[in-house]
Amino acid sequence: GFAGLFNFPLRRSLIETFAKGNSVDGAAGRVREMLSLFGQAQSRRLITLLDNHDVPRFMEEFPRGMAPEVVRERYQLALTALLTLPGIPQLTYGNEVGMYGGADPDNRRKMPDWAFTPPFDEPDHQGFVTRPGAVWAHLHRLIEVRKKMPALSRGDYDEIWRQTDPKAPNVWAFMRSGAGDPVLVMINNGDAGSGPLRLPLRGHWKEGQELVTVPLEFDSKTGRLMESAKDYQVKGGGIELDMKARSAVILTSKR
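Residues numbered from 1 in each chain as written. Predicted model: local features only at pLDDT ≥ 70, side-chain atom pairs only at ≥ 80, totals over all residues. Heavy atoms only, no water.

Digging into helix α2 (residues 25-43)
The terminal C-alpha atoms of α2, which comprises 19 residues, lie only 19 Å apart, well short of the 27 Å expected from a rise of 1.5 Å per residue. When we look at burial in α2, the residues that qualify are Ala27, Ala28, Val31, Met34, Leu35, Gln42 and Ser43. In the core, the buried residues of α2 are packed alongside α1 (8-19), β3 (156-163) and β4 (171-177). (Helix = DSSP H or I, 4+ residues; strand = E, 2+ residues; numbered from the N terminus. Expected span 1.5 Å × (residues − 1). Buried < 20%, exposed > 50% of the residue type's maximum accessible area, 1.4 Å probe, protein only. Contact = heavy atoms within 4.5 Å.)

Here's what the structure looks like:
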């Protein structure tokens, strides 16, 4: 019976999972708890966030010794989760370029002129994620994908895979379905490639259905979106794939 709530519990779990590099259990378990408390429809009305004016910025949560490129990749995974999980994503200024900032008022730093439309090869700046132009491009791509795929904003959530053994890939996969074509989101939160994985699809697609990846990667030199989508086919009720370390894959029906 609420009009809207900030989902701070999920934010804390996204920090533990992605910024700290811990098990996907934290975030996945929090989503399951949210659904059990509020149900599918009300969960989609919760406001999901990485930052707002009341908390230190998400970028401050990364361990200080973590390599800058790893920080950027993990931050991009957090943004991917934010734009694909149930809820209304809230973006705070600076999210698009990975702005640092501690407790209020440090979390309200001035936005520099370069940060409004940074080119893909924007140089590094103190107080921002490394390669901020790449983060800007990634977030814009996620927003575009969310707009084109109504399941990501209005579809039900169904967890289909969670692999959390410390010696195994740290992979989380979930479906969004019931509004337009179903969408499968897979996140490898591990620091190593997943190796061959077989994911059950729990009847969301029929046997033999052809699926295709939604391009998310950019050419590291030109900044152009890499359109080399990969095809899969549902066999034995699932699909087989291999994911790179700290990466995300989005799949949908092939037309």
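Don't stop here, the text continues.
A word on the packing of aromatic side chains
Scanning the model with the defined rule gives seven aromatic pairs in all. Ring centres of Phe58 and Tyr75 lie 6.1 Å apart, and the angle between their planes is 45°; this geometry places the pair in the tilted category. Of the two residues, Phe58 is situated in the loop between β1 (47-49) and α3 (68-84) and Tyr75 in helix α3; the sequence distance between them amounts to 17 residues. Taken together, a centroid distance of 4.9 Å and an interplanar angle of 70° make the contact between Trp114 and Phe128 edge-to-face. Of the two residues, Trp114 is situated in the loop between β2 (88-90) and α4 (132-148) and Phe128 in the loop between β2 and α4; the sequence distance between them amounts to 14 residues. One aromatic cluster is present, built from ring pairs that chain together Phe58, Phe62 and Tyr75. The ring of Tyr93 has Arg57 sitting right over it, with the charged end atom 5.0 Å from the ring centre. (Phe/Tyr/Trp six-rings, centres within 6.5 Å; stacked < 30°, edge-to-face > 60°. Lys NZ or Arg CZ within 6 Å of the ring centre and 35° of its normal.)

Examining the nonpolar core
With 44 residues, the main nonpolar core has Leu14, Phe58, Leu85 and Trp172 as its most contacted residues. Where this core is concerned, the elements lending two or more residues are α1, α2, α3, α4, α5 (151-154), β4 and β5 (183-188). It is α3 that provides the largest number of residues to this core, a total of eight residues. Ignoring sequence-local partners within four residues, the contact set of Trp172 consists of Phe18, Val24, Ala27, Ala28, Val31, Leu85, Tyr157, Glu159, Trp161, Val185, Met186 and Ile187. Counting 18 residues, the second largest nonpolar core, distinct from the first, contains Ile160, Ala173, Ile239 and Met243. (Core = buried A, V, L, I, M, F, W, Y, C linked by side-chain atoms within 4.5 Å.)

Things to note about a nonpolar patch on the surface
On the surface, a cluster of nonpolar side chains totalling about 280 Å² of accessible area is made up of Leu5, Leu37 and Phe38. Mapped onto the fold, Phe38 is located in helix α2. We classify Phe38 as partly exposed; its relative accessible area is 35%. (Patch = residues over 30% accessible without salt bridge, like charges linked within 9 Å, V, L, I, M, F, W, Y side chains within 5 Å. Areas by Shrake-Rupley, 256 points an atom, 1.4 Å probe, with all protein chains shown as cover. Salt bridge = Lys/Arg side-chain N within 4 Å of Asp/Glu carboxyl O.)

What about the environment of Met226?
Structurally, the position occupied by Met226 is in the loop between β7 (210-213) and β8 (231-233). The partly exposed category is assigned to Met226, whose relative accessible area is 36%. It is 14 Å that separates the C-alpha atoms of Met226 and Leu142, two residues lying 84 residues apart in sequence. Each residue touching Met226, except ones within four places of it in the same chain, is listed here: Pro215, Glu217, Phe218 and Asp219.

A short note on the sheet that holds β8
Strands sit in the order β3-β4-β5-β10-β7-β8 across an open sheet of six strands; the sheet is antiparallel. Of all strands in the sheet, those with a lone pairing partner are β3 and β8, marking the two edges. Each strand of the sheet is rotated relative to its neighbour by a mean of 25°, with strand direction disregarded. Here β7 pairs with strand β10 (residues 247-253) via three bridges, running antiparallel. Counterpart to Val212 in the pairing with β10 is Thr252. (Pairing = 2+ DSSP bridges. Axes fitted to C-alpha atoms, helices over the stretch in contact; angles between N-to-C directions.)

Overview of the environment of Thr84
Secondary-structure assignment places Thr84 in helix α3. Classification of Thr84 by relative accessible area gives buried; the value is 1%. In this structure the C-alpha to C-alpha distance between Thr84 and Val145, which are 61 residues apart in sequence, comes to 9.4 Å. Excluding residues that lie within four positions of it along the chain, Thr84 makes contacts with Arg146, Leu152, Phe174, Arg176, Val185 and Ile250. Polar contacts involving the side chain of Thr84 include one to the main-chain carbonyl oxygen of Thr80, which spans 2.7 Å. (Polar contact = N/O pair within 3.5 Å; in protein donor to acceptor, adjacent residues only side chain to side chain.)

Comments concerning the pattern of salt bridges
Using the criterion set out here, one finds 23 salt bridges in the structure. For Arg246, the salt bridge identified is with Asp191, shortest N-O distance 2.9 Å. Residue Arg246 is located in the loop between β9 (238-242) and β10, and its partner Asp191 is located in the loop between β5 and β6 (196-200); the two are separated by 55 residues in the primary sequence. Look at the salt bridges and you will find they share partners, linking Arg12, Glu16, Lys20 and Glu61 into a network.

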